[in-house]
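# Chain and residue survey
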Amino acid sequence: MDASERELFAHAIRRATEDRSGVDLDEALDELGWVAALAEDRAAAVAILFEAQGEANATSSALDQVIFAALGVPGLDPASVVLPPLRSVQAPGRFDGARVVIQGLGTDALARGDTVIIVARGDAGDEMLVAPVSALKVEEISGLDAALGLVAVSGELERASPPAAALIDWGAALAAGQLALGHELVGNGRAMLELARQHALERTQFGRPIAAFQAVRHRLAESLVALEAAAALLNAASDDSSPVTAAMAKALAGRSARTVARHCQQVLAGIGFTTEHSLHRFVRRTYVLDQLLGAGSVLTRHLGTEVLAAGSLPAAFPL
């Protein structure tokens, strides 16, 4: 999409996320043609929606659709996808003889659907299964951010015989999901930064707004720099289409959002600790999203291990 189309599309998506979430947001995205935009220009569609979704603290089934599209299976109706457990990047299924053992997570859309896609790892590679949701155990998760609507998914299924003819590129699907979550983390960080900025302008001490104090300015400035760096790497990783750069971008976005959460909490001071203020919703979301599809610490350690094993750094690309 060109610049004018992108601007109009972004405005419409932002308005949809402002007062909708869950099923209502899914319906609005269908009306706006977001799935068609995803097929036409994935990088733009993902960046626009997930940053807006992060800023609004909204939820949708878009992550399932991003991963499903990246799996690239023709002739299959879109369905929810079982995600790895928190912190993990491994496919959520594994083959155990004639059985497939599933242990993972799902979005709220999974519990509402009839079928689910499961990627299972085997000796020859990753294979995909399509199973009825009723064949699995699906439990609600309360946890740190119950509003996110994640569910725990577990169970055992019979392995298809013969196995799937074509192996699935789980790495590509994982990278697509990581970039989407990275953009959502950036949007989440921007919302926290705006809350802190407004508070700094309105709160006065010693007869002037606290925004005039150098310590406050430094925290807000560091937050902005962290978010802009993460956004730049996410955009570059979308163009690069490499699982390595996607993991780097997701890890940096998580670290940046956590940095923003820490600084904004300090700027907001006591009011930021209360449920009366909306900051806690974004802080909760930040810490859960950072753990989903690979925790930042896990991704960083894995990337470091690969660099040490290879004895060289990945090829650099311009930001």
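For the structure itself, consult the block above.
The sections below set out a description of the structure shown in this document.

Cut-offs and rules
- For every chain, the first residue of the written sequence is number 1, and numbering continues from 1 onward in sequence order.
- Confidence filtering applies because this is a predicted model: local features only for residues at pLDDT of at least 70, side-chain atom pairs given and counted only at 80 or more, and all residues used for totals across whole chains, interfaces and linings.
- Excluded from the side-chain calculation are hydrogens and water; included are all heavy atoms of the structure.
- Numbering of helices and strands runs from the N terminus, with a helix taken as a DSSP run of H or I at least four residues long and a strand as a DSSP run of E at least two residues long.
- With C-alpha atoms as the basis for the radius of gyration, the globule rule is written as 2.2 Å multiplied by the number of residues raised to the power 0.38.
- Each residue's exposure class comes from its accessible area (1.4 Å probe, protein chains only) as a fraction of the maximum for that residue type: buried when under 20%, exposed when over 50%, partly exposed otherwise.
- We call two residues in contact when some of their heavy atoms are within 4.5 Å.
- The protein chains shown are the only cover counted for residues, whose accessible areas, like all others here, come from Shrake-Rupley with a 1.4 Å probe.
- Charged-residue counts in this description rest on Lys and Arg as positive and Asp and Glu as negative, His and the chain ends being excluded.
- Where a charge lies is defined by one atom per residue type, namely NZ (Lys), CZ (Arg), CG (Asp) and CD (Glu).
- The set of buried Ala, Val, Leu, Ile, Met, Phe, Trp, Tyr and Cys residues whose side-chain atoms join them within 4.5 Å is what this entry labels a nonpolar core.
- Given a helix with a known number of residues, its expected span is that number minus one, times 1.5 Å.
- The rule for a salt bridge is simple: a side-chain nitrogen of Lys or Arg has to be within 4 Å of a carboxyl oxygen of Asp or Glu.

### Digging into the overall build of the protein chain
In terms of helices and strands, the protein chain carries eleven helices and nine strands. Taken over the C-alpha trace, the protein chain has a radius of gyration of 20 Å; the compact-globule value for 319 residues is 20 Å, and the two agree within 12%. Reported as C-alpha extents along the three principal axes, the dimensions of the protein chain are approximately 75 × 50 × 40 Å. Out of the 319 residues belonging to the protein chain, those deemed buried represent 47%. Looking at the protein chain alone, contacts between residues at least 24 apart form 70% of all its contacts between residues at least 6 apart. About 15,400 Å² of surface is accessible on the protein chain, with carbon and sulfur atoms providing 54% of the total. Charge-centre separation for the protein chain: the mean point of 26 positive side chains lies 10 Å from the mean point of 38 negative side chains.

### Here we look at the nonpolar core
Of all hydrophobic cores here, the largest spans 58 residues; its most connected members are Ile13, Trp34, Phe50, Leu63, Val66 and Leu293. Of the residues forming this core, the biggest block, ten residues, is contributed by helix α7 (residues 170-202). The residues touching Leu63, leaving out its near neighbours within four places in the chain, are Phe50, Leu83, Gly177, Ala180, Leu181, Leu292 and Leu293. Grouped together as the second largest cluster of nonpolar side chains are 18 residues, Ala191, Leu220, Leu227 and Cys264 included.

### As for helix α10 (residues 279-291)
Think of an α-helix as 3.6 residues a turn; residues three or four steps apart then line up on the same face. With 13 residues, α10 ought to run about 18 Å at 1.5 Å a step, and its terminal C-alpha atoms sit 19 Å apart, in line with that. Where α10 is concerned, the buried positions are Leu279, Phe282, Arg285, Thr286, Val288, Leu289, Asp290 and Gln291. Where α10 is buried, its residues touch α4 (42-56), α7, α9 (243-268) and α11 (296-310). Looking one or two residues beyond α10, the residue adopting positive phi is Leu293, at roughly 55°.

### Focus on the pattern of salt bridges
Per the stated rule, a full pass over the model turns up twelve salt bridges. Its salt-bridge partner being Asp19, residue Arg20 comes within 3.4 Å of it at the nearest N-O pair. A salt bridge links Arg112 to Asp26, with the shortest nitrogen-to-oxygen separation between them at 3.0 Å. With a gap of 86 residues between them, Arg112 in helix α6 (residues 108-112) and Asp26 in helix α2 (residues 23-32) connect regions that are remote in the sequence. Look at Asp26 and you get buried, because its relative accessible area is 11%. Put simply, Asp26, Asp108 and Arg112 are held in one network by salt bridges that share partners.

### A closer look at unusual backbone geometry
Even without being glycine, Asn57 reaches a positive phi, approximately 55°. Relative to the elements of secondary structure, Asn57 occurs in the loop between α4 and α5 (62-71). Backbone geometry at Leu293 places phi at a positive 55°, although glycine is not the residue there. Checked against the element boundaries, Leu293 lands in the loop between α10 and α11.

### Topic: the environment of Phe95
Along the chain, Phe95 turns up in strand β2 (residues 93-96). It is 9.6 Å that separates the C-alpha atoms of Phe95 and Leu157, two residues lying 62 residues apart in sequence. Setting aside residues up to four positions removed in sequence, Phe95 forms contacts with Val100, Ala120, Arg121, Gly122, Glu127 and Arg159.

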